[in-house]
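Structure assessment
Read off the chains here:
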Protein chains: 2
Amino acid sequence: MTEMTRIEPRSGTAFELNEGQVLRVYDPEGQQVSDLLAYAKDDVREVISNGRTFDYEETLRLTKGNTLWSNRSNPMLEIVEDTAGLHDFLLTPCSKATFRHFYPDKPVHRGCFGNLAEALGPYGIGEDDIPCAFNLFMNVPVDGETGRLSVETPRSAPGDHIALKARMDCVIGLTACSAYASNGGSFKPIDYRIE
Amino acid sequence: MTEMTRIEPRSGTAFELNEGQVLRVYDPEGQQVSDLLAYAKDDVREVISNGRTFDYEETLRLTKGNTLWSNRSNPMLEIVEDTAGLHDFLLTPCSKATFRHFYPDKPVHRGCFGNLAEALGPYGIGEDDIPCAFNLFMNVPVDGETGRLSVETPRSAPGDHIALKARMDCVIGLTACSAYASNGGSFKPIDYRIE
């Protein structure tokens, strides 16, 4: 088991997670979103896919027992524990463009998108290779009748965590989210360790 | 205005749509899904994105007045008319893998995924470049409480159509869908023309 590693507020990281290893991600202070991406280590053109996951899992609300699938229809990560129970797989990582759109009066930040691009660059992964992330602890209610969605303050409590078991050798990108709406207006760290 | 072009059942095509042109897609017999993809003609690494669209449009139910956005946060297509009013942007094109998963007793078909890959190949677009499609006329109800989704028979009537205006020069991929569930168990053609 590795030591607990801290992702500082509004930053991101990337690392390898081999088949069978478990990645455990903690929201240490509560109400903090973490964007997660996964790529096949052998060929980073294989990547986590919200659409393939919705196809096979037949739900938008992914939790313990669900698997996250790749664009090539292979299982990438299996959720083996989840004390939060509420995550989002609909939205893309916040970026300079989303900051300009949603927060025109606030300073532009490169966001999770920029943080992920920098962290994943050494693995040969560029900006255009960043799809929708699996947004841990993110609270995006959907109205089934109208389809309307909104980004609300996460419901995660301090210490809530999710554990994901790798079903293939992966490169993981992981952030402590930089957007105001997704964190209730504050920015906090994210902790993780590999087991 | 071009002549009406027919996409035969379980097949697909690709063509260019220039900025300002309108693509009108018809469901001539009703209850038939058509998967639509869009790429920037100048650089096909820029592609339609369900996540960016959900970000900016703040709804899963896209219809007249909504815009489909690219992975680079640029408007690609604007829905300027829509007699059907019900489409899906959650799911990926049906493929050999989805046929094996959902229809284990039926013959495997390359599906919209295979049809799109073949049609888009000459534009330098490969299988790994195919994201979630905007699935015209597809009926995928979502339970807002549980997140459960299902693929139901389309509600489109014969002659229903949607018109999309290009906000940039695009390469379009378009199919007459090959999956059983999305078409109520039958396969029908799709018609389109460019105005």
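With an unreviewed UniProt entry as reference, chain A is termed DUF1989 domain-containing protein, source organism Altererythrobacter xiamenensis.

1. Considering the UniProt feature "domain: DUF1989" (unreviewed entry) in chain A
The feature "domain: DUF1989" (unreviewed entry), as annotated in UniProt, sits at residues 6-171 of chain A in this numbering. A distance of 18 Å separates the end C-alpha atoms of residues 6-171 of chain A, which is 15% helix and 30% strand.

2. Considerations on the relation of the copies chain B and chain A
Expressed as a screw operation, the relation of chain B to chain A combines 0.0 Å of axial shift with a rotation of 180°, fitting to an RMSD of 0.0 Å. Taken together, the turn and the small shift mark the pair as related by a two-fold rotation axis. Considering only C-alpha atoms, the residue of chain B closest to the rotation axis is B:Gly144, which sits at 2.2 Å. Both copies present the same face, since 100% of the interface residues in chain B are matched by interface residues at the equivalent positions in chain A.

3. A short note on the pattern of salt bridges
For the structure on display, the rule yields 26 salt bridges over all chains. Residue A:Arg72 is joined to A:Glu46 by a salt bridge in which the shortest nitrogen-to-oxygen separation is 3.9 Å. Within this pair, whereas A:Arg72 is found in the loop between strand E6 (67-69) and strand E7 (75-82), its partner A:Glu46 is found in strand E5 (residues 43-47), the two being separated by 26 residues in sequence. Judged by its relative accessible area of 32%, A:Arg72 falls in the partly exposed class. Residues B:Glu78 and B:Arg167 are paired through a salt bridge, measuring 3.7 Å at the closest nitrogen-oxygen approach. Of this pair, B:Glu78 sits in strand E7 (residues 75-82) while B:Arg167 sits in the loop between strand E9 (160-166) and strand E10 (170-175), and the two are 89 residues apart along the sequence. Connected through salt bridges with shared partners, the residues A:Arg24, A:Glu81, A:Arg193 and A:Glu195 form a single ionic network.

The rules behind the values
Residues numbered from 1 in each chain as written. Chains lettered and ligands numbered in written order. Predicted model: local features only at pLDDT ≥ 70, side-chain atom pairs only at ≥ 80, totals over all residues. Heavy atoms only, no water. UniProt positions renumbered as here; feature names shortened; annotations may be inferred. Helix = DSSP H or I, 4+ residues; strand = E, 2+ residues; numbered from the N terminus. Least-squares fit on C-alpha atoms with pLDDT ≥ 70 in both. Contact = heavy atoms within 4.5 Å. Salt bridge = Lys/Arg side-chain N within 4 Å of Asp/Glu carboxyl O. Buried < 20%, exposed > 50% of the residue type's maximum accessible area, 1.4 Å probe, protein only.

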